[in-house]
Amino acid sequence: MTPRMRASITPAVGTAGEYGTWTVRCTVEGGQLETGETIAVALPNTWHAWLRNSAKGVHSIDPTSPNYVSASASRGEVEVHCTVPDGSTDEYEKRTRDALVGPPNRCAYHTEVTVLCGVLQAGDWIDIIYGDTSGGSPGFRAALHPNGPETVRVVLMSADGAREKTLLREEESPLLVTSAAELVEIAAYAPSHTRVGSEAVCHIVALDKWQNAATAAQLTFAVSVLEGRAEHPATVALNPETGTCVVPFTPTAPGVLRLEVSATPVSHVPFDKLRACPVRDTGANGKDGLRASGEERHGTNIDKTLAAVSNPILCADELPAEQVYWGDLHSHARRSFDATGDLPFHYARDVAHLDFYALTDHVEGLTDEMWQEIRLATQDWYDPGRFATILGYEATFPAPWAHHNVYFRDDGDVRIGGHNGTVQDLWQQLAAGEAMTIPHHTGVRFSPKASNVPGGTGPNIDWQYANDAFRRVVEVYSGHGLCEYYDPAHPLAYQHCDFSLNDSAQGPHYVQDGWLTGQRMGTICSSDNHQAQPGRRQTGLAAVWAPALTRSGIFDSIHHRRTYGTTGARILLKVWVNDTFMGQETASGDGVSVRVWVVGTAEIAWVEILRGDLDAQRFDVVYRREPQATIVAFTWDDPQPVANALYYVRLRQQELVAGRVAQAWSSPVWVVQAKETAS
């Protein structure tokens, strides 16, 4: 007779990224658990996700190591054996595992506890202890990111060879909640364009060390104008439920406006104890969500002034025909084999404060049900004028085609990836003008355990496979690193970014190599985040000059290459060659004049103009300026222009952002011998 089981977890809450001990108790309610039978427990996948786009090593091997798991039975004469299949004490794990419940995933660990001898009767229990510290382990790391209440799955496995499984029903399974860690910084996001005399809002977000919205912090911010002129409140208070607040402001003069908010030091703020059970809450857009109340919410112990300066805001008497909008077109959540989390739209809009966003889970693992979920969510979160969502997915092609993200103007159901075709097969099925494909990390060499491991492989592109009708832009930078050109010493090269464990592959796999083949690709950047946190400020943003914040407005402007990319800083950038805007082409014959306009989020260290000579097959830095200022505008005339060329601008700011240099890359302007109709 199969025993009846119930399960609980204590505590039911963890603080993001902090060590603790959690006990899953599996109690026999009826029947008995006999020798040879096994209880298997799986924490939510988010609780196994770790840094560098990896899973953390979870194990029952070394009681002195982090993330050690043990088990014990309530009846002394019963002996049990605890194991974590495919467990590891390594800090970073990159293997995809079969999940106890659900599809395979990099973070799909589970623990098996087998009764070696004896019998457990009704009322007896087995405790599975995640983070057993009795042998010297520091404990078990909680999940890095809050994701609402998540289910702990419990399965009973029979002793026979068939290993029949009985799954504890989801509604009877315990829930585990992650709360944000302590507030360490704040960020301020404002629209890049406002109208003089019209009220706008600047969004303030409190962040913990993992860039989660730091809820439960109670702070009041002083508001001031660092540059420009505007009316605004003297102070604003943070909402401790959301970790956010807004600063309403009204520009009173044209020009560049920058707002500053600051909070003076405060002592520890105690908070009332809250119930440790999930509480249902109705969120934005009328969505029915879940929020969690921890046993005790952390206060904030700040020993320094917290301050943030908004991105530069262009104030004018009339709004321009095109404005710059900020987005992330490349990130993943739980439907990808190597990702976790289920709230990317919320994070994109309400924490990163993006203007547009696309969820791009790997198509190779998308079931029809998953794809329908993504399509419905993309439509549900679409809010024209506030938040534009674009339907997409990642096609994970191997070399020589490289990974491409696929985007649809409205809706689409062409799903081709590495499991069922090549990029050429994909292009044959898509409709020109209704879909785009954007390649990314074209020069990466994946090293599964550590950087600089010889013999790593990557999806390195061969640029001979080209299609300008669909490949309108290229992702020049992401959280993985830079693929502008091969340079392992570059501070943004794959091996120097903390996103993963990769290297740079030597060869003609980079964006400059693609441009030299004559392909017309603009530039964007995006994060490639794998834990439902799109738009993190150091991992890449796409900037689009568009006439409206609508799905079609953003899609069309990307299609016309009216784009640029940054590492995440919301730098304003425009480039013209012979009065032709970046992303387009102009005729040679009367010289080449390059006009550059930049408004930085910090002091600009240097600006470079690069020329790609399509006949000589080379790139050169043909002009460099070191302005040491936040605003730069200049015109440079090429003294020795060539017949067939492209020009683009890159720049770097003085200050690091989250430990990385802050850069931007414009889309090129192509200079050709005979004027052709721009496509």
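The present account deals with the structure reproduced in this document. (Residues numbered from 1 in each chain as written. Predicted model: local features only at pLDDT ≥ 70, side-chain atom pairs only at ≥ 80, totals over all residues. Heavy atoms only, no water.)

Here we look at the environment of E484
Rules: Secondary structure elements are taken from DSSP: a helix is a run of H or I of four residues or more, a strand is a run of E of two residues or more, and numbering for both begins at the N terminus. Think of a polar contact as two N or O atoms within 3.5 Å of one another; within protein, one of them needs to be a possible hydrogen donor and the other a possible acceptor, and neighboring residues in sequence only count if both atoms come from side chains.
Here E484 lies in the loop between β37 (481-482) and β38 (502-504). On a C-alpha basis, the gap between E484 and G514 in space is 9.7 Å, while along the polypeptide they are 30 residues apart. In this structure the side chain of E484 is engaged in a polar contact, spanning 2.7 Å, whose partner is the side chain of R650.

A word on the sheet that holds strand β34 (residues 435-439)
The following threshold applies: Following DSSP output, two strands are said to pair if at least two bridges run between them. Orientation is described by axes fitted as lines to C-alpha atoms, over the contacting stretch for helices, and by angles from 0 to 180 degrees between their N-to-C directions. Only heavy atoms enter the contact rule, under which two residues are in contact if any of them lie within 4.5 Å.
The three strands lie next to each other as β32-β33-β34, forming an open sheet whose pairing is antiparallel. The open sheet has two edge strands with one neighbour each: β32 (391-395) and β34. Taking the axes of each pair of neighbouring strands and ignoring which way they run, one obtains an average angle of 20 degrees across the sheet. Here strand β33 (residues 404-408) runs beside β34; their pairing, made up of five bridges, is antiparallel. By the bridge assignment, F408 is partnered in β34 with A435. Along the sheet face, helix α2 (residues 368-380) touches β32 and β33 and points at about 140 degrees away from the line of β32.

Regarding the pattern of salt bridges
Heads up, the condition is: The salt bridge definition used is simple: a Lys or Arg side-chain nitrogen within 4 Å of an Asp or Glu carboxyl oxygen. Exposed residues in this analysis have more than 50% of their type's maximum accessible area, buried residues have under 20%, and partly exposed residues fall in between, with area computed by a 1.4 Å probe over protein chains only.
Going through the model one piece at a time under the given rule, you end up with 37 salt bridges. Note that R409 is salt-bridged to D556, the shortest N-O span being 2.2 Å. One end of the pair, R409, is in the loop between β33 and α3 (423-429); the other, D556, is in helix α5 (residues 551-559), with 147 residues separating them in the sequence. For R409, a relative accessible area of 15% translates into the label buried.

Things to note about the sheet that holds strand β13 (residues 150-151)
Strand order in the open sheet formed by three strands is β2-β16-β13, and the pairing between neighbours is mixed. Of all the strands in the sheet, the pair left with one neighbour each is β2 (13-15) and β13.

Focus on the environment of Q519
Along the chain, Q519 falls in the loop between α4 (511-516) and β39 (522-525). C-alpha separation for the pair Q519 and T601, spaced 82 residues apart in sequence, amounts to 31 Å. Within the structure, the side chain of Q519 is placed 2.9 Å from the side chain of R471, a separation counted as a polar contact.

Describing the state of the cysteines
Where we set the bar: By convention in this document, the label disulfide applies to cysteine sulfur atom pairs within 2.5 Å.
Counted by the stated rule, this structure contains zero disulfides. A disulfide-free cysteine, C245 has its sulfur positioned 8.8 Å from the sulfur of C202, the nearest such atom.

So, the side chain of T422
Along the polypeptide, T422 turns up in the loop between β33 and α3. For T422, a relative accessible area of 16% gives the class buried. Dropping the residues within four chain positions of it, T422 is found in contact with F397, W401 and I416.

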